[in-house]
Number of protein chains: 2
Amino acid sequence: MRMSQGVEWAVHTLLALSCLEDDQPVPTATLAAGHDLPRSYLNKQLQRLVKAGLLTSEPGAQGGFRLARPPASITMLDVVEAIEGDARLFRCTEIRQCGTIGRHGGGDFSVPCAVTNSMRKAEEAWREALAGQTLAAVLAEANEHAPAMARAIRQVFGRE
Amino acid sequence: MRMSQGVEWAVHTLLALSCLEDDQPVPTATLAAGHDLPRSYLNKQLQRLVKAGLLTSEPGAQGGFRLARPPASITMLDVVEAIEGDARLFRCTEIRQCGTIGRHGGGDFSVPCAVTNSMRKAEEAWREALAGQTLAAVLAEANEHAPAMARAIRQVFGRE
DNA sequence: GGTACCGTACTCGGATAAGCAATGTCCGAGTTCGTTGGG
DNA sequence: CCCAACGAACTCGGACATTGCTTATCCGAGTACGGTACC
């Protein structure tokens, strides 16, 4: 049970895009070089962010990606769901209904399984914690310990 | 990012063992038949529960597994960690230090990455929610909608 | 000189392989129980 | 009749294949820009 590495890449890439003050798109190659990531694979993650409505893409020369929404309206949950999908961590296969116990135990199978309920509660706590943190908040915390980063990004991306 | 199916098996198996009132061990074959699970693979999960101190095992004829602690002192987090390991969902690879941005951005790399902090907070909320639910509580909820289950389990396991 | 056309370079996008962990299966070491032979 | 030794059956435990997903890569479709020929 490990989160895809693409989530880390996506968040850092979104943070970098958040530091830009203009709206010019940034190509995958530049974003990948920004953190030494494989270009083509990063591109796949960015495509997912586009499908989720977090980025917009521009084809052709001088094309690339740009934020579709302000960082304050993008939550960590948005990013995780964009990359990982909205499937839940715990998938109930209803084994309570199977086997000798399931056949002889009876019970009301229309109500959710107690095990599933328990797992679902914990997962909701996780999702709420993710939804409560915006990209802007994470960026603010990052800037505390790396105040020069935003400007460096603009320079590396050829914005200044 | 999907939780191993073994977690579901482990919880249901622990619940079944919680319904027994004596301390006689139950072999893997019986537990597997209880929910129509592959016997050998379930055995692998049970081994992990033994290593985690949730079960004790008895070799030889009339051997099997029994609970090592009362259900009220076993939390959902214990079970998840026993099966999945204690590794965190999000693994930071410190890409903030890599690439053109990492090299030019500077900043204090001794403090944890802001992205990691954000993910860690959410994960802690998840773990606390899991730790706040005991096996006994889940069993109580299950008994509400399946009051005959406990006795059926004892019968199927040859206890009555 | 201005404009329309064309070629080139660059971009995203999805289709296509490789690696690794989760899943599933098998056989061996060890223990208990029943049996049998002896006292 | 009681006890000890033996054999067999049963159990866990870990080593060995297989599947699915994550990771990684490549090439094609489409677009913007620069140059060039024409009006």
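Trainee: So what's going on with the overall build of chain A? Residues and values would help.
Mentor: Assigned secondary structure in chain A consists of eight helices and two strands. Its C-alpha radius of gyration of 21 Å places chain A more than 25% over the 15 Å reference for a compact globule of 160 residues. The dimensions of chain A, computed from C-alpha atoms along their principal axes, are 70 × 35 × 25 Å. Across the 160 residues of chain A, 49% fall into the buried class. The contacts in chain A between residues at least 6 apart in sequence include a share of 66% that link residues at least 24 apart. Here chain A displays about 7300 Å² of accessible surface, and carbon together with sulfur accounts for 49% of that area.

Trainee: Go over the pattern of salt bridges, please, and point to the residues and values.
Mentor: Counted according to the given criterion, the structure contains 14 salt bridges over all chains. In this structure, Glu21(B) and Arg154(B) form a salt bridge, with 3.6 Å as the shortest nitrogen-oxygen distance. In this pair, Glu21(B) is assigned in the loop between helix H1 (5–18) and helix H2 (28–35) and Arg154(B) in helix H8 (residues 149–156), connecting sequence segments 133 residues apart. For Arg127(B), the salt bridge goes to Glu81(B), with nearest N and O atoms at 2.3 Å. Placement of the pair is Arg127(B) in helix H6 (residues 114–131) and Glu81(B) in helix H4 (residues 76–84), with a sequence separation of 46 residues. In this structure, a network of salt bridges that share partners links the residues Glu81(A), Glu124(A) and Arg127(A).

Trainee: Mind laying out the interface of chain A and chain B, listing which residues take part and the relevant values?
Mentor: Bring the parts together and some accessible area is lost; that lost area is often taken as the interface size. If you look at the interface, chain A gives 64 residues, while chain B gives 64 residues. Taking both partners together, chain A and chain B bury about 5500 Å²; carbon and sulfur atoms supply 68% of that area. Among the residues of chain A in contact with chain B, Met1(A), Ile95(A) and Ile101(A) are the three that bury the most area, contributing 15% of the side total. At the boundary of chain A and chain B, one finds two salt bridges. Here Arg103(B) ties to Asp36(A) by a salt bridge, and the two come within 3.9 Å at their closest N and O atoms.

Trainee: With reference to specific residues and values, describe the protein's contact with DNA strand D.
Mentor: As a matter of local geometry, DNA strand D sits amid 24 residues, with Ser4(A), Lys44(A), Gln47(B), Ser57(B) and Gly60(B) nearest to it. In the environment of DNA strand D, a phosphate oxygen lies 2.6 Å from a nitrogen or oxygen atom belonging to the side chain of Ser4(A). Side-chain polar atom of Ser57(B) to a phosphate oxygen of DNA strand D: 2.6 Å apart, as the coordinates give it. Of all the secondary-structure elements, those providing two or more residues to the surface near DNA strand D are helix H1 (5–18) and helix H3 (39–51) of chain A together with helix H3 (39–51), strand S1 (55–58) and strand S2 (64–67) of chain B. A class-by-class count of the residues in the surface near DNA strand D yields nine nonpolar, 11 polar and four charged.

Trainee: I'd like a rundown of the protein's contact with DNA strand C, residues and numbers included.
Mentor: DNA strand C sits among 25 residues. The nearest are Gln47(A), Ser57(A), Gly60(A), Ser4(B) and Lys44(B). Put simply, 60% of the atoms of DNA strand C that lie within 4 Å of the protein are in sugar or phosphate. Within the backbone of Gly60(A), an N or O atom sits 2.9 Å from a sugar or linking oxygen of DNA strand C. One of the side-chain N or O atoms of Tyr41(B) is found 3.3 Å from a phosphate oxygen in DNA strand C.

Trainee: Summarise the pairing of strand S1 (residues 55–58) of chain A; cite the residues concerned and give the values.
Mentor: Residues and elements named next belong to chain A. With four bridges connecting them, S1 and strand S2 (residues 64–67) associate as antiparallel partners. Following the sheet pairing, Glu-58 is matched in S2 by Gly-64. Counted between consecutive antiparallel strands, the loop separating S1 from S2 contains five residues, among which Gly-60 sits at a positive phi close to 85 degrees.

Trainee: Can you explain the nonpolar core? Please cite residues and give values.
Mentor: Val11(A), Leu49(A), Trp126(A), Val11(B), Leu49(B), Met119(B) and Trp126(B) are the most contacted members of the largest nonpolar core, which totals 98 residues. Non-local contacts of Leu49(B), meaning those with residues more than four positions away in its chain, are made with Ala10(B), Leu14(B), Leu54(B), Leu55(B), Ala82(B) and Ile83(B).

Trainee: Account for the relation of the copies chain A and chain B, naming residues and giving values.
Mentor: For the pair of chain copies, the relating operation is a rotation around an axis with a shift along it. Least-squares fitting of chain A to chain B yields an RMSD of 0.0 Å, with the transformation described by 0.0 Å of translation along the axis and a rotation of 180 degrees. Overall, the copies show the geometry of a two-fold rotation axis. Taking C-alpha positions as the reference, the residue of chain A nearest the rotation axis is Trp126(A), at 2.4 Å. The residues that chain A uses at the interface reappear at the interface of chain B in 100% of cases, marking a shared surface.

Trainee: Which residues make up H3(B), and what values go with them?
Mentor: All names here are of chain B. A rise of 1.5 Å per residue sets the reference length of H3, with its 13 residues, at 18 Å; its end C-alpha atoms lie 19 Å apart and thus fit the reference within 8%. Buried within H3 are the following residues: Leu-42, Gln-45, Leu-46 and Leu-49. Viewed along the axis of H3, the buried residues span an arc of 100 degrees, placing them on a single side of the element. Along H3, exposed side chains directed more than 90 degrees from the buried face belong to Ser-40 and Lys-51. Looking at the buried positions of H3, the neighbouring elements they touch are H1, H2, S1, S2 and H4. Remark: Gly-53 follows H3 within two positions and exhibits a positive phi of approximately 85 degrees.

Criteria and cut-off values
- Residues numbered from 1 in each chain as written.
- Chains lettered and ligands numbered in written order.
- Predicted model: local features only at pLDDT ≥ 70, side-chain atom pairs only at ≥ 80, totals over all residues.
- Heavy atoms only, no water.
- Helix = DSSP H or I, 4+ residues; strand = E, 2+ residues; numbered from the N terminus.
- Rg over C-alpha atoms; globule rule 2.2 N^0.38 Å.
- Buried < 20%, exposed > 50% of the residue type's maximum accessible area, 1.4 Å probe, protein only.
- Contact = heavy atoms within 4.5 Å.
- Areas by Shrake-Rupley, 256 points an atom, 1.4 Å probe, with all protein chains shown as cover.
- Salt bridge = Lys/Arg side-chain N within 4 Å of Asp/Glu carboxyl O.
- Buried area = accessible area lost by both parts, 1.4 Å probe.
- Near = heavy atom within 4 Å.
- Polar contact = N/O pair within 3.5 Å; in protein donor to acceptor, adjacent residues only side chain to side chain.
- Nonpolar A, V, L, I, M, F, W, Y, C, P; charged D, E, K, R; others polar.
- Pairing = 2+ DSSP bridges.
- Core = buried A, V, L, I, M, F, W, Y, C linked by side-chain atoms within 4.5 Å.
- Least-squares fit on C-alpha atoms with pLDDT ≥ 70 in both.
- Expected span 1.5 Å × (residues − 1).
- Arc of directions from axis to C-beta.

Geometric values such as these leave the question of function open.
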